[in-house]
Amino acid sequence: MSGRFVGVVRVVRVIRVVRASSALAVSTATAVLALTAAPAPKAFATPADPPGQPVSALLTRLRALYRQAEEATEAYDATDDKLKKQRARTDRLNEELADARIALTAGRDEAGRIAREQYRGSRGLSPYVQFLLSDDPRQAMARGHEIRRAAGRRADAVERLTDGERRAAALAREAREALNAQQTLAAEQKRQRDAVQERLGEVERLLASLDGEELAALRRAEADGVGDAQRALLASGALSGAQAPSEDGIRALDFAFRQVGKPYVWGAEGPDAFDCSGLTSQAWAHAGDVIPRTSQEQWKTLPKVPLNQLRPGDLVLYFEGATHVALYLGHGQVVQAPRPGDVVKVSPIAANPLLGAVRPDAGKPPMPGYAPPAASALVSAT
């Protein structure tokens, strides 16, 4: 078999392996039961909502909480990315400042040495007086030339010293500002982390307030809603175009499939757990294309493609604020890290409200002779 199709074959094989584990109803039940089993943190031990709410209201509330948690997670991820860059900038400035201070000390030593040499050579007399008092005028003139050259070297040394002092002062100021910015980002990151934990605490309290019948009804309502949305999307013809992926796209999907079954953890980007944009950014990084860390930046900066031109490997964005993202697989299916309590899995593309799609490898040609996995295999994996 040709090497270029190894990734495609692996994708098909993994789909077959994970069919049972990535069934939508089962995974939804897993997410709900996992969160129900976890004890609510003490910080959120407030009373739950009163029982007896309609299932539709419970589902709406649960989805809203999950979305708020993901919004807070993506904000946390964006700040974390900025904080990493700011820390690197602070470290670089501190290194430059240390080098500038070493150079400044060396410059001061050089200026002092030149001044001492000039003083010893002139014996405190001007070149004109030395010429008048000298027994050898030619030797006096030569000495005068040497003194003038030494004076020029001293002037150059003083100028370099002045420039070094200005540079050291500027770097010290930049380093202080960079450290202040780093501390501000760290405080913002903590606030965002607290916001994520608060939303997840609300999810846990809501699920803990439900009995077995309500949980089962909630699972059925969610599965029915996703199924209806998926059928409506496919019937609309919005996904009618069939595009072949690039070789990079196949590599990205191959990485994503190898993460199937790993847990969703907010803020995680592997290797043992992922959030939604952690999965997509790492998948494309392993394909050789570095893309932004967060779903909002992926939506903002990567080339957009219409849904009827989707090809495997494209990123599908969800919700108005682009707060969720998945990798398109083909035949209306995506690979995603869905939400807290769930795992990386294959899902219908309409599992969440669609915003649009972007292509990380827009300049790469499609694979010639690409044969996509059968639609029945992908559907059964959901």
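Our structure's up above, just so we're on the same page.
**Focus: the sheet that holds strand S6 (residues 354–358)**
Strand order across the open sheet formed by six strands is S1-S6-S2-S3-S4-S5, with antiparallel pairing between neighbours. In the strand order of this sheet, the two ends are held by strand S1 (304–305) and strand S5 (345–348), each with one partner. The pairing of strand S3 (residues 324–330) with strand S4 (residues 333–336) spans three bridges and is antiparallel. Along S4, the bridge assignment pairs tyrosine 328 with valine 334.

**Examining the nonpolar core**
Ranked by internal contacts, the top residues of the largest apolar core, which has 32 residues, are Leu279, Trp284, Leu315, Leu327, Val335 and Val344. Elements supplying a minimum of two residues to this core: helix H3 (55–122), helix H5 (137–208), helix H7 (247–258), helix H8 (276–286), strand S2 (315–318) and S3. For this core, the leading source of residues is H7, giving five residues. If near-sequence neighbours (up to four positions away) are discounted, leucine 279 is found in contact with Phe255, Ala256, Gln259, Phe274, Leu327, Val335, Gln336, Ala337 and Val344.

**Side note on the side chain of serine 246**
By the secondary structure assignment, serine 246 is in the loop between helix H6 (212–236) and H7. Side-chain polar atoms of serine 246 contact the backbone nitrogen of aspartate 248, separated by 3.4 Å. Not counting residues up to four positions away in its chain, the partners in contact with serine 246 are Arg311, Asp361, Lys364, Pro365, Pro366 and Met367.

**Structural notes on the side chain of lysine 345**
The topology assignment puts lysine 345 in strand S5. In this structure lysine 345 comes out as buried when scored by relative accessible area, which is 2%. Polar side-chain contacts of lysine 345 include one of 3.0 Å to the side chain of aspartate 342.

**Here's the deal with the pattern of salt bridges**
With the rule as written, the count across this model stands at eleven salt bridges. Note that arginine 293 and aspartate 275 form a salt bridge whose closest N and O atoms lie 3.3 Å from each other. Placement of arginine 293 in the loop between H8 and helix H9 (295–301) and of aspartate 275 in the loop between H7 and H8 is noted, with a sequence separation of 18 residues between them. The pair formed by arginine 293 and aspartate 275 is uniform in burial state, with each residue classed as buried. Among the salt bridges present, the one from arginine 359 reaches aspartate 314, with a minimum N-O distance of 2.8 Å. With a gap of 45 residues between them, arginine 359 in the loop between S6 and helix H10 (375–380) and aspartate 314 in the loop between S1 and S2 connect regions that are remote in the sequence. The residues arginine 359 and aspartate 314 share a single accessibility class, namely buried.

**Section: H7**
Taking 1.5 Å per residue, twelve residues should reach 16 Å; H7 reaches 17 Å between its end C-alpha atoms and fits that length. Burial of H7 is extensive: nine of the twelve residues sit out of reach of the surface. The opening residue of H7, the one whose side-chain oxygen lies 3.4 Å from the backbone nitrogen of aspartate 248, is serine 246.

**Some details on the packing of H7 against H8**
As a packed pair, H7 and H8 sit with axes 8 Å apart at the nearest point and diverge in direction by 130°. The orientation of H7 relative to H8 falls into the category oblique. Crossing hand, H7 versus H8: right-handed. Contact residues: H7 offers Asp248, Gly249, Ala252, Phe255 and Ala256, while H8 offers Leu279, Gln282, Ala283, Trp284 and His286. Of the residues in the contact of H7 with H8, the class split is six nonpolar, three polar and one charged.

The rules behind the values
- Residues numbered from 1 in each chain as written.
- Predicted model: local features only at pLDDT ≥ 70, side-chain atom pairs only at ≥ 80, totals over all residues.
- Heavy atoms only, no water.
- Pairing = 2+ DSSP bridges.
- Helix = DSSP H or I, 4+ residues; strand = E, 2+ residues; numbered from the N terminus.
- Core = buried A, V, L, I, M, F, W, Y, C linked by side-chain atoms within 4.5 Å.
- Buried < 20%, exposed > 50% of the residue type's maximum accessible area, 1.4 Å probe, protein only.
- Contact = heavy atoms within 4.5 Å.
- Polar contact = N/O pair within 3.5 Å; in protein donor to acceptor, adjacent residues only side chain to side chain.
- Salt bridge = Lys/Arg side-chain N within 4 Å of Asp/Glu carboxyl O.
- Expected span 1.5 Å × (residues − 1).
- Axes fitted to C-alpha atoms, helices over the stretch in contact; angles between N-to-C directions.
- Parallel < 35°, antiparallel > 145°, perpendicular 65-115°, else oblique.
- Left-handed = near helix turned anticlockwise from the far one by under 90°.
- Nonpolar A, V, L, I, M, F, W, Y, C, P; charged D, E, K, R; others polar.

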